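Overview (structure and organization)
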Amino acid sequence: MIIASALFLLGTACAPAWNARAGTADFGRLPIGAKPTDLNIFVTSDCEQSVHGFDDCSAKDAEGREYAFFNGVLSKVSAKKAEATDHLALPANLMFGENINLSAQKVSRAFGVNLDRAPSPEGLTAYSSDFVLRSSAGVMYSIELSADKQENLVEIVGRTDF
């Protein structure tokens, strides 16, 4: 299975729902916890419809966000600097390549969440929240930020715990 990760901002046909005051925030073209109904929104996908819906699969959209589905439900969306298009807009005015500490502050202010700083297994800086964000599908999820060796933001992930 292709590990799909990707995130934020929708293309021109859809707009992401980042409304911290309303208590919801969606990453990508589908909210976390949603079941895909139209695979045409993805440029690549290994998802296949069965009598039970979609099995575990992954997909990628035109802006470079990657999606992972578990038991037919979106469980992870991410975007990586190396794979995202130039016109991919990130939430909270984040920018790939900016200092990860600044990115964490922006996310904390924009969504009112606390991010914990921890080194990744490779010794790189990463921040993550608890499962405190709610998608428009009503599913709680966390946000994760990852840096390169220069402490610049290179990946953003939204994931649930199922």
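The structure contained in this document is the topic of the report that follows. (Residues numbered from 1 in each chain as written. Predicted model: local features only at pLDDT ≥ 70, side-chain atom pairs only at ≥ 80, totals over all residues. Heavy atoms only, no water.)

1. So, the overall build of the chain
- Secondary structure assignment for the chain yields one helix and 13 strands.
- Relative to its 162 residues, the chain shows a buried fraction of 46%.
- By sequence separation, contacts in the chain at least 24 residues apart represent 50% of the contacts at least 6 residues apart.
- In the form shown here, the chain has an accessible surface area of approximately 8200 Å², with 49% of it arising from carbon and sulfur atoms. (Helix = DSSP H or I, 4+ residues; strand = E, 2+ residues; numbered from the N terminus. Buried < 20%, exposed > 50% of the residue type's maximum accessible area, 1.4 Å probe, protein only. Contact = heavy atoms within 4.5 Å. Areas by Shrake-Rupley, 256 points an atom, 1.4 Å probe, with all protein chains shown as cover.)

2. Here's the deal with the environment of Gly28
- For Gly28, the location among the structural elements is in the loop between strand S2 (24-25) and strand S3 (44-45).
- It is 9.5 Å that separates the C-alpha atoms of Gly28 and Glu63, two residues lying 35 residues apart in sequence.

3. Remarks on the pairing of strand S8 (residues 73-80)
- Across the eight residues that make up S8, a large majority, seven, are buried.
- Note: strand S7 (residues 66-70) against S8, five bridges, orientation antiparallel. The residue of S8 that forms the bridge with Phe70 is Val73.
- Between S7 and S8, which pair antiparallel and follow one another directly, the connecting turn spans two residues, one of which, Asn71, has a positive phi of 55°.
- Here five bridges tie S8 to strand S13 (residues 153-159), and the two strands are oriented antiparallel to one another. Looking at the pairing, Lys76 lines up with Arg159 of S13. (Pairing = 2+ DSSP bridges.)

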